[in-house]
Amino acid sequence: MKFILQLAVKNLSRYKRRTAITAVAIATGLMMYILIDSILVGADRESMRNLRWYETASLRIYQKDYWQDRHFLPLDSSIDNPGQVLQLLQQQGMQATERTTFNADMILYQDDFGEDGNMSVQVTAIDPANDFSVYRYGDTLVDGRLLKSGEMDGLLIGSWFAEDIKAKVGYWVTLVTRGKGGFYEAVDMQIVGILNCPNPNVNRTLLMMDKQAANQYLGMDGSVTSIDILLDEQADVDTAAKTLQQQLDANHWDLTVYTWKDLARDYLAIAGAKRGGTGMILFLVFIIAAVGVSNTMLMAMYERMRELGMMRALGMRDRHILLSFLFEAGGIGLLGSLVGIALGSLLNLFMVNVGIDLGFMLRDMDMGYRISSVFKGAWSVKATVTAFFSGIILSMLVAYLPIKRALKLDIPTCLHHQ
C-alpha cells in the first residue's frame, strides 16, 4: 500500500500540467458551490429576520374565529380584552403590542398628488408607545416624524409606496372603510412620516395610523385584531406558543396563539421550493466539474496506456493499478478542494461583510425574498465540509470508469497503443 501511495504522489508531480488543469476545474466548481450556497443561505436568513422584524413578530394572538377569515381582515372577530392579555404577557416577561389591521379605500386629491384617484390599501393601527419595541420601525424613518400616541389624523407610509403615488410629508388623503358592525366611515389623514423598511413587501404597502384613532373611527370599543409578541432570536417559538396557549386556555379566553412560521406559511412553502431548485443548480455545478475531471482522466489514461501495459507485464495486479490511479485522482481532488475552499472563503468574506447591492433590480421586480437592496452571504460549515469531501470523492468516482475500461484491454494491446 505504501508503494501504491508513493507511485500516486510521483505521478502527480510527473504530470504537473494535467494535475493543475484538473485541480483548477475542481476548484472552480467548488468555489462557485460555496459562493452560491452562501448567497442563498444568507438571503434566506435575512428574509426570515425581516419577516419577524417587520411583518409577523415572533408570536401573534388572534381571536379564534379570526384565522379562518384572516385574508378579509374581519373586525368583528377581534380581541375584546387586550389589556388583560397584555398584563399576562408582561408577567411572563414578554414584550407585546396591540394592533388593528383593516382594509380601506384611499382617496388621493389633485391638489397634492396632481390628479384625483383612489386605491385599495391595508392599514395597520399601532400603539406607538409599544409597537416600536416589538417591531424595528423606529430606525427606518427617512422623512418627517413618527406617530405620536393619541394622534388622530397622522399617517405613516412606506417609501416605495410613497414613490409610487408621489406622496410627500404633509399631503392629505381620505380613508374610506367599514367599521366594526358594518357602518361606513371616511377619515381625513395627513402623511406625517415616510419609512424605508428593509422588507420590500412591507415597504410597498405600509400604511400606519394610531390605535386610538382607529378605535374611535372604527367603533372598536377598545378591542384589537391582534396582539404581537417579541421573543429572543434564539427562543423556541413552538414551545413558547404551546406554553402561552395553555395559559390563555386556563383563563378561558377564546384566543389562539400562532407562531411566525404559521403566519408566513406561504412564504416558507415558496422558500422550500426555491431550496429544491437551488439544489439542482448546485448539482449542475458539480456535473460541470465532473465532466471536466472525467475528460482529463480519460485523456490521461489513453496517454499512459503503454505505461499501464508495462506495469501489468511486470506483474502488478489490476487491483493495485486501480488503487494507484484512484489515489492519484483523489490527490488531484484534494488539491482542487483546498484551492476551491480557499478561493470560495475569500470571496465569501466579501459577501458576508459587504454583499451585493441589487436594489436597482428589486425595486421593480419581486424575487420572493424579503430583502430590499443588499444581498449578503452567510458562513456555512456544512457547505464547506461538503465541498471539501465532494471534491475528493468526485475526482475518484469519475476516474473509476476510464481506469476500469483501460484495465479490460489485454497487455499486448496496451503496449502497442499509440
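Going by the structure above, here's the rest.
Here, residues in each chain are numbered from 1, in the same order as that chain's written sequence. Where local features are concerned, this predicted model is filtered to residues with pLDDT of at least 70; where side-chain atom pairs are given and counted, the filter is 80 or more; whole-chain, interface and lining totals use all residues. Note that water and hydrogens are dropped before the side-chain values are worked out from all heavy atoms of the structure.

### Description of the overall build of the chain
Keep this limit in mind: Helix and strand definitions follow DSSP, with helices as H or I runs of at least four residues and strands as E runs of at least two, each counted in order from the N terminus. The accessible surface values rely on the Shrake-Rupley method and a 1.4 Å probe; as for residues, cover is taken only from the protein chains in view.
When helices and strands are tallied, the chain shows 16 helices and 12 strands. For the chain, the accessible area works out to roughly 20700 Å², and carbon and sulfur atoms hold 57% of it.

### Some words on the nonpolar core
Selection criterion: Put simply, buried Ala, Val, Leu, Ile, Met, Phe, Trp, Tyr and Cys residues joined by side-chain atoms within 4.5 Å make one nonpolar core. A simple rule labels every residue: compare its accessible area, found with a 1.4 Å probe on the protein chains alone, to the largest value its type can have, and call it buried under 20%, exposed over 50%, or partly exposed in between. Contacts between residues were defined by any pair of non-hydrogen atoms, one from each residue, lying within 4.5 Å.
Ranked by internal contacts, the top residues of the largest apolar core, which has 31 residues, are Leu59, Ile61, Leu89, Ile227, Ile229, Leu244 and Leu248. Elements that contribute at least two residues to this core include exactly α2 (16-56), β1 (59-63), α3 (82-91), β9 (226-230), α9 (237-250) and β10 (255-259). Looking at which element gives the most residues to this core, the answer is α9, with five residues. Each residue touching Leu89, except ones within four places of it in the same chain, is listed here: Ile61, Met94, Ala96, Ile227, Ile229 and Leu244. In terms of nonpolar packing, the next biggest core, distinct from the first, is built from 29 residues, Ala104, Val187, Ala213 and Tyr217 among them.

### So, the pattern of salt bridges
Heads up, the rule is: What counts as a salt bridge is simple: a side-chain nitrogen of Lys or Arg found within 4 Å of a carboxyl oxygen of Asp or Glu.
Enumeration according to the criterion identifies nine salt bridges in this entry. Here Arg52 ties to Glu233 by a salt bridge, and the two come within 2.8 Å at their closest N and O atoms. Here the residue Arg52 occupies a position in helix α2, and Glu233 occupies one in the loop between β9 and α9, the gap between them amounting to 181 residues. Classification of Arg52 as buried rests on a relative accessible area of 14%. We note a salt bridge from Asp262 to Arg265, for which the minimum N-O separation is 3.5 Å. Residue Asp262 is classed as partly exposed on the basis of its relative accessible area, which comes to 25%. Accessibility expressed as a relative area gives 46% for Arg265, which makes it partly exposed.

### Some words on the packing of helix α12 (residues 305-313) against helix α13 (residues 318-353)
What counts is decided by this rule: What counts as an axis is a line fitted to C-alpha atoms, over the stretch in contact for a helix, and the angles between N-to-C directions run from 0 to 180 degrees. Oblique is the label for any angle not under 35 degrees, not over 145, and not in the 65 to 115 range, which are roughly parallel, roughly antiparallel and roughly perpendicular in turn. Left-handed describes a crossing whose near helix is turned anticlockwise from the far helix through less than a right angle; right-handed describes the clockwise counterpart.
At a minimum axis distance of 10 Å, the contact between α12 and α13 shows a crossing angle of 140°. With respect to α13, the element α12 is oriented oblique. For the pair α12 and α13, the crossing hand works out as right-handed. Between α12, through Leu308, Met311 and Arg312, and α13, the contact on the second element is made entirely by Asp318, Ile321 and Phe325.

### Here we look at the pairing of β9
Note the threshold: Two strands pair if DSSP finds at least two bridges between them.
Burial within β9 is extensive, with four of its five residues counted as buried. Bridge count between β1 and β9: three bridges; the pairing is antiparallel. Bridged to Ile61 within β9 is Ile227. Pairing of strand β2 (residues 95-108) with β9 involves five bridges; the strand directions are antiparallel. Note on β9: the bridge partner recorded for Glu98 is Ile227.

### Things to note about the environment of Asp318
In this structure, Asp318 sits in helix α13. On the accessibility criterion, Asp318 (32% relative accessible area) is partly exposed. The sequence separation of Asp318 and Ile403 amounts to 85 residues, and the corresponding C-alpha distance is 9.8 Å.

### Section: empty space enclosed by the protein
This is how it is decided: Within this scheme a cavity is a closed region of a 1 Å grid, computed over the protein atoms alone, that accommodates a 1.4 Å probe without allowing it to escape, whereas a pocket is open but has protein on both sides within 12 Å along at least five of seven lines; lining residues each have an atom within 4 Å of a point. Grid points are joined across faces, edges and corners, and a volume is the space filled by probe spheres set on the points.
All chains considered together, the criterion is met by one cavity of 30 Å³ or more. The space that makes up the largest cavity amounts to roughly 40 Å³. Around the largest cavity sit Phe102, Leu175, Thr177, Val187, Met209, Ala214, Tyr217 and Leu218, which together line it. If you list the elements that add at least two residues to the lining of the largest cavity, you get β6 (172-178) and α8 (211-217).

### Observations regarding the packing of α13 against helix α15 (residues 381-407)
The interhelical angle for the contact between α13 and α15, taken along N-to-C directions, is 150°, at an axis separation of 8 Å. Judged by the angle between their axes, α13 and α15 are roughly antiparallel. With respect to the hand of their crossing, α13 and α15 are arranged in right-handed fashion. Packed against α13, whose contacting residues are Asp318, Ile321, Leu322, Phe325, Leu326, Ala329, Gly330, Gly333, Leu334, Ser337, Leu338 and Ile341, the element α15 presents Thr384, Ala387, Phe388, Gly391, Ile392, Ser395, Met396, Ala399, Tyr400, Ile403, Lys404 and Leu407 at the interface.

### A few points about the packing of aromatic side chains
Keep this limit in mind: Only Phe, Tyr and Trp rings take part, Trp by its six-membered ring, and two of them pair if their centres are within 6.5 Å. Stacked means planes under 30 degrees apart, edge-to-face means over 60, and tilted covers everything else.
Evaluation of the coordinates by the stated rule reveals eight aromatic pairs. An angle of 15° between the planes, with centres 4.1 Å apart, marks the rings of Trp67 and Tyr258 as stacked. Of this pair, Trp67 sits in the loop between β1 and α3 while Tyr258 sits in strand β10, and the two are 191 residues apart along the sequence. Like Trp67, the residue Tyr258 is buried in the burial classification. Considering the side-chain rings of Tyr135 and Tyr137, the 6.2 Å spacing of their centres and the 40° angle between planes classify their relative orientation as tilted. In terms of burial, Tyr135 and Tyr137 fall into one category: buried.

### Quick word on α13
Our working rule: Any helix carries an expected span of 1.5 Å times its number of residues minus one.
Over its 36 residues, α13 runs 52 Å from end to end, which matches the ideal 52 Å to within 8%, given 1.5 Å per residue. A positive backbone phi angle near 85° is found at Gly355, which sits one or two residues after α13.

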